[in-house]
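In case you want the letters, here they are:
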Amino acid sequence: MDSPFKSDVLKGKVALLTGGGSGIGFELSAQFGKHGASVAIMGRRKQILDDAVSVLRSQGIQAIGLVGDVRKQEDAARVIESTIKHFGRLDILVNAAAGNFLVSPENLSPNGFKTVLDIDSVGTFTMCHEALKYLKEGGPGKGPSGGGLILNISATLHYTASWYQIHVSAAKAAVDSITRSLALEWGTDYDIRVNGIAPGPIGDTTGIRKLAPEEMKGDPRESMPLFKLGDKWDVAMAALYLASDAGKYVNGTTLIVDGGLWLSHPRFIPKEMVKDLSRVVEKKSRKAPTGVPTSKL
Ligand code: HXC
């Protein structure tokens, strides 16, 4: 699908994306590149990065791949230094690296819980911490949106509660909190905007393969009427909005890109029934003196 944004909205910008070699992170890398940014992608697996960089370069995008694990502070620092060495600046940091698996709380070891928090929450903070000195520099081409931008990829799992996702829900709740705290503190002190995106189920991603495995039976729309798969493109367009000057007054928000799914629950009365039923209830309540339970009438 074509982008509704002009192809130069990120011209001259340098973006570093953790988890940028696959899934949503890769789509963001490609769309940022197609809109003028140079991109550095960070991930643990060299082969995946190499393949991703070849695809990006074949599309005319300036791209490099940097192997590293966001759980290691020394990797974070090295990857950021390499980005600066290669491209000379850093304008946008996207924290898209994440870990996930379905598990019930009683089958999740404390180390399993910690592993996901280490990747999603501590990893996000570590990358922000190490990138600050470059993000706050700004410099030529800074544009009306001020200093740098941080974009944290979150989820909606923790808005209510989600089955078999206690670890990820806790991790993403922390990510959203980091987004707001840094938006306040670094927005004030360094003119850095910090925002998030909370995608719903996105097709053709590791997330959807792990959370809704093909082996799973049943139609999710029975329990979630608003369920439909999004595209990685949908998340990338939201990211472009936040990363470009279109989003220059947006700071500290996490934009939900889920088609409304997190609001979803089954109808409790069929639509055909609600009009008549509602009138009956109104009539009954007019007859009943207040305070007298209707069961006594
Ligand atoms: C129970 C599990 C488990 C499972 C791992 N563990 N997988 N427990 N069920 N399926 C436990 C292990 O037993 C171990 O605890 C601890 O977690 C660490 O596991 P390791 O395999 O040693 O960790 P590591 O090799 O570092 O791998 C990290 C990982 C892995 C998170 C477990 O899945 C991974 O690398 N994922 C990265 C890619 C990924 O998941 N992407 C999806 C993102 S989707 P013990 O106690 O045994 O030592 C996403 C969507 C969000 O984020 C929501 C959208 C709606």
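A brief structural summary. What you are looking at is a predicted structure, and each value in this text was computed from that prediction instead of being measured.

## Some points on helix H2 (residues 46-58)
One full turn of an α-helix is made of 3.6 residues, so residues set three or four places apart face in the same direction.
Then, number 1: For H2, with 13 residues, the first-to-last C-alpha span of 18 Å sits near the 18 Å given by 1.5 Å per residue.
Then, number 2: Leu-49, Ala-52, Val-53 and Leu-56 are the residues of H2 that are buried. The arc enclosing the buried residues of H2, seen along the axis, measures out at 100°, which places them on a common side. Structural note: H2 exposes Gln-47 and Ser-58 on the side pointing more than 90 degrees away from its buried face.
Then, number 3: Here the buried face of H2 lies against helix H1 (23-34), strand E2 (38-43) and strand E3 (63-67).
Then, number 4: With its phi angle positive at about 80°, Gly-60 sits one or two positions after the end of H2.

## Some points on the layout of surface pockets
Then, number 1: Approximately 270 Å³ is the volume attributed to the second largest pocket.
Then, number 2: Class assignment of the residues belonging to the lining of the second largest pocket gives a composition of seven nonpolar, one polar and two charged.

## Details of the pattern of salt bridges
Then, number 1: Applying the stated rule across the entire model yields ten salt bridges.
Then, number 2: Between Lys-46 and Asp-50 there is a salt bridge whose closest N-O contact spans 2.8 Å. Here the residue Lys-46 and the residue Asp-50 both occupy positions in helix H2, the gap between them amounting to four residues, near one helical turn.
Then, number 3: We note a salt bridge from Arg-78 to Asp-75, for which the minimum N-O separation is 3.5 Å. Taken as a pair, Arg-78 and Asp-75 lie in helix H3 (residues 73-87) at a separation of three residues, close to a single helical turn.
Then, number 4: Exposure remark for Asp-75: the relative accessible area of 13% places this residue in the buried category.
Then, number 5: Three or more residues joined by partner-sharing salt bridges are found here, namely Asp-204, Arg-209 and Lys-232.

What counts, and at which threshold
Residues numbered from 1 in each chain as written. Predicted model: local features only at pLDDT ≥ 70, side-chain atom pairs only at ≥ 80, totals over all residues. Heavy atoms only, no water. Helix = DSSP H or I, 4+ residues; strand = E, 2+ residues; numbered from the N terminus. Expected span 1.5 Å × (residues − 1). Buried < 20%, exposed > 50% of the residue type's maximum accessible area, 1.4 Å probe, protein only. Arc of directions from axis to C-beta. Contact = heavy atoms within 4.5 Å. 1 Å grid on protein atoms, 1.4 Å probe; cavity = no way out; pocket = protein on both sides within 12 Å on 5 of 7 lines; lining within 4 Å. Points joined across faces, edges and corners; volume = space filled by probe spheres on them. Nonpolar A, V, L, I, M, F, W, Y, C, P; charged D, E, K, R; others polar. Salt bridge = Lys/Arg side-chain N within 4 Å of Asp/Glu carboxyl O.

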